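Structural characterization, general
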Amino acid sequence: DLESNTDKDICDSAAASNPFITATWGSRDGSTFKKANTLSYALASPKSIYDAWNAGGAAINLISIVPNDLIIVDIKNGNRFALVKIKTVTDDGTLTNNDYTFFEYKLAQK
């Protein structure tokens, strides 16, 4: 965890490491989040991501994630957006500490 907080758009913020399946994301650089599960990841364009952000209600600082969620991230709260598709949330048990979230994203660039 040697990176500066200004470089941490997304951070694991789960209250407890087990079960990791209750994953929660936060940010240390001011990024905010909205769920956008009605958006099509395959068809998402910069315009549809911006439109979904504007129609998505209030932005939040902490967001619970589960597989197949679509999350829009306002990167550094600077009106630069990414659509993140949560693919898996893996808790490998209590004996090892190799829990992880696998995701892919589309950056909405103008």
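The notes below deal with the structure included here. It should be emphasised that the depicted structure is a prediction, and the values quoted were computed from it without experimental measurement.

What follows concerns the overall build of the protein chain. A tally of regular secondary structure across the protein chain gives one helix and seven strands. The helix and strand sequence of the protein chain, counted from the amino end, reads β-β-β-α-β-β-β-β. Evaluated residue by residue, the protein chain yields a buried proportion of 34% over its 110 residues. Of the accessible surface of the protein chain, which amounts to about 6,600 Å², a share of 52% is contributed by carbon and sulfur atoms.

Along the chain, Asp 69 falls in the loop between strand S4 (63-64) and strand S5 (70-74). A relative accessible area of 4% places Asp 69 in the buried class. Within the structure, the side chain of Asp 69 is placed 2.9 Å from the side chain of Lys 35, a separation counted as a polar contact. Apart from residues no more than four positions distant in its own chain, Asp 69 is found in contact with Lys 35, Asn 37, Ser 64, Val 84, Lys 85 and Ile 86.

Moving on, we come to the sheet that holds S5. Pairing in this open sheet of four strands is antiparallel, and the strands run S3-S5-S6-S7 from one edge to the other. Of all the strands in the sheet, just strand S3 (32-35) and strand S7 (100-108) have a single pairing partner and so form its edges. When strand polarity is set aside, the average angle formed by the axes of neighbouring strands in this sheet is 30°.

In this structure the tally under the stated criterion is four salt bridges. Of the charged contacts, one joins Asp 69 and Lys 35 as a salt bridge, the two residues approaching to 2.9 Å between their closest N and O atoms. A residue pair is termed long-range when its members are at least 10 positions apart, and Asp 69 in the loop between S4 and S5 and Lys 35 in strand S3 qualify at 34 residues. With a closest N to O distance of 2.7 Å, Asp 51 and Lys 47 form a salt bridge. Of the two residues, Asp 51 and Lys 47 are both situated in helix H1 (residues 46-55); the distance of four residues between them amounts to about one turn of the helix.

All buried positions along H1 are accounted for by Ile 49, Tyr 50 and Trp 53. Along the axis of H1, the buried positions cluster into a sector of 95°, meaning they face one direction only. Seen from the buried face of H1, the exposed residues on the opposite side, beyond 90 degrees, are Lys 47 and Ala 55. On its buried face, H1 is in contact with S3, S5, strand S6 (81-90) and S7. Immediately beyond the C-terminal end of H1, within one or two residues, lies Gly 57, with a positive phi of roughly 80°.

Relative to the assigned elements, Lys 34 resides in strand S3. It is Asp 74 that comes nearest to the buried, bridge-free Lys 34 among opposite-charge side chains, at 7.8 Å. A polar side-chain atom of Lys 34 sits 2.5 Å from the main-chain carbonyl oxygen of Trp 53. Contacts of Lys 34, omitting those with residues within four sequence positions, involve Trp 53, Gly 56, Gly 57, Ala 58, Ala 59, Ile 63, Leu 70, Ile 71 and Ile 72.

Here is what the cut-offs are and how they apply
Throughout, a residue's number is its position along its own chain's written sequence, starting from 1. Only residues with pLDDT of at least 70 get local features here, since the model is predicted, and only at 80 or more are side-chain atom pairs given and counted; chain-wide, interface and lining totals rely on the full set of residues. Hydrogens are left out, water is left out, and the side-chain values use all remaining heavy atoms of the structure. Here a helix means four or more residues in a row that DSSP labels H or I, a strand means two or more in a row labelled E, and each is numbered from the N terminus. Residue burial is assigned from relative accessible area. The probe radius is 1.4 Å, only protein chains are included, and a residue is buried under 20% of its type maximum, exposed over 50%, and partly exposed in between. Computed with the Shrake-Rupley method and a 1.4 Å probe, the accessible areas treat only the protein chains shown as cover for residues. Here a polar contact is taken to be a pair of N or O atoms separated by no more than 3.5 Å, where protein atoms must pair a possible hydrogen donor with a possible acceptor and residues adjacent in sequence count only if both atoms sit in side chains. Contacts are residue-level and defined by heavy atoms, with any inter-residue pair within 4.5 Å sufficient. The rule for pairing is simple: two strands pair if DSSP sees at least two bridges between them. Angles here are taken between N-to-C directions and fall from 0 to 180 degrees, while the axes themselves are lines fitted to C-alpha atoms, restricted in helices to the stretch in contact. Here, a salt bridge means any Lys or Arg side-chain nitrogen found within 4 Å of an Asp or Glu carboxyl oxygen. To obtain the arc, one takes the directions from the helix axis to the C-beta atoms. His is not counted here, nor are the chain ends, while Lys and Arg score as positive and Asp and Glu score as negative.

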